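A look at the structure
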Amino acid sequence: MALLFLAGLVTSLLHPSLLATVPGKSACDLEVELETLQQEKDLLIKERDGMQGEIDILIREMDDLLSEKDIVSKERENLLREKVAITKERDTLQQDQDLLVQQRDTLQRENYELIKERDSLRKFKEFLPKDAEWRQARTYAEDITLDPDTSHPLLILSEDRRRVRRSYTSQDLLNTPERYDTYSCVLGEEKFTSGRHYWEVEVGGVLWYMGVCDESVSRKGQPVLSPETGYWTMGVRYGDGLWAFTSPKYALPTRVLPKTVGIFLDYEDGRVSFYNIEEGAELLTFHSQTFPKTLRPYFCTWLTNPPMTVLSVAR
């Protein structure tokens, strides 16, 4: 506004009617002064225009700042929402952690109680008669019969399918996937997927194996007897003592070879135990984390052994 006023003042001074009325100055002097004033006027106008441009720039910068302020405000709101969400998630995680700690403490207490119970049972077992465990297993006795569809062609089964012996003459039998074709083996007809089961086998001779196996084992070729291949077995090899067939196999401490062997399967406990019936003593126990889906009794006899007989056990 001041610039506009000054420009108007200069313009009015240049008016011809005023030039002749200024006392003490010649017309030449006045023209020089007026020309100077005109130049100052032009300069002021330029400065005004420059300042107007700066004002426009400041207005645009202010608009940009206002836009940035809006963006910052929105970002702040988003950050606040994220903070609230993170806080809730942290609280949830803390609750989960507290719950896990409680569960851990509970499991530790239960584990401690189980260890105490196990130790108590072990101490109690020391005072039981030597054959108490075998007699308890015997309460789960059941009848086992042999499956002719799995029998090696050299094996002869009795009519009641409870006795098997090896002959020197191979029978003309259909070679199905279920039938053993190398070792003179046969499976029991029973299939176990749960529960506890016990049976007894009368044995003799210098070469025989028995136990349980995974139903899905291959019946072709020479089987490798070990729990890793699906066999939980023991037996006599060429009369050189009793052996546990693991990988590697190992000899079992026994003074006299058993004549009758009891086999106890506890499916849920992952346990297969063998007992010397004459002494009521445990010969061997396999422990497994889990069994395959289906287990079956396994029998194998060689050479001129006496028949291997599955006995009928009274509970």
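As a reminder, the structure under discussion sits directly above these lines.
This write-up is about the structure you can find in this document.

The rules behind each value
- Residues numbered from 1 in each chain as written.
- Predicted model: local features only at pLDDT ≥ 70, side-chain atom pairs only at ≥ 80, totals over all residues.
- Heavy atoms only, no water.
- Helix = DSSP H or I, 4+ residues; strand = E, 2+ residues; numbered from the N terminus.
- Buried < 20%, exposed > 50% of the residue type's maximum accessible area, 1.4 Å probe, protein only.
- Patch = residues over 30% accessible without salt bridge, like charges linked within 9 Å, V, L, I, M, F, W, Y side chains within 5 Å.
- Areas by Shrake-Rupley, 256 points an atom, 1.4 Å probe, with all protein chains shown as cover.
- Salt bridge = Lys/Arg side-chain N within 4 Å of Asp/Glu carboxyl O.
- Pairing = 2+ DSSP bridges.
- Axes fitted to C-alpha atoms, helices over the stretch in contact; angles between N-to-C directions.
- Core = buried A, V, L, I, M, F, W, Y, C linked by side-chain atoms within 4.5 Å.
- Contact = heavy atoms within 4.5 Å.

Focus on the overall build of the chain
- Looking only at helices and strands, the chain features four helices and 13 strands.
- Within the chain, the proportion of its 315 residues that are buried is 34%.

Points about a nonpolar patch on the surface
- On the surface, a cluster of nonpolar side chains totalling about 350 Å² of accessible area is made up of Ile 55, Ile 59, Met 62 and Leu 66.
- With respect to the element layout, Met 62 can be found in helix 3 (residues 27–126).

Here's the deal with the sheet that holds strand 13 (residues 308–310)
- Strand order in the open sheet formed by seven strands is 1-2-13-4-9-10-11, and the pairing between neighbours is antiparallel. Edge positions in the sheet fall to strand 1 (155–157) and strand 11 (281–287), since each has one partner strand and no second. Averaged over all adjacent pairs, the angle separating strand axes in this sheet is 20 degrees, with direction ignored.
- Sheet topology places strand 4 (residues 196–202) next to strand 9 (residues 260–266); seven bridges connect them, and they run antiparallel. Considered in strand 9, the bridge of Trp 199 is made with Ile 263.

Quick notes on the nonpolar core
- Membership of the largest hydrophobic core comes to 32 residues, with the highest contact counts inside it found for Trp 199, Trp 208, Met 210, Val 272, Phe 274, Phe 299 and Met 308.
- The contact partners of Trp 208, leaving out residues within four places of it in the chain, are Val 203, Met 234, Gly 235, Val 236, Leu 242, Pro 258, Val 261, Cys 300, Asn 305 and Met 308.
- In terms of nonpolar packing, the next biggest core, distinct from the first, is built from 15 residues, Leu 187, Trp 243, Phe 245 and Trp 302 among them.

Structural notes on the sheet that holds strand 5 (residues 208–214)
- One open sheet holds the six strands; their spatial order is 3-12-5-6-7-8, and the pairing between them is antiparallel. Strands at the two margins of the open sheet, each flanked by one partner only, are strand 3 (185–187) and strand 8 (250–251).

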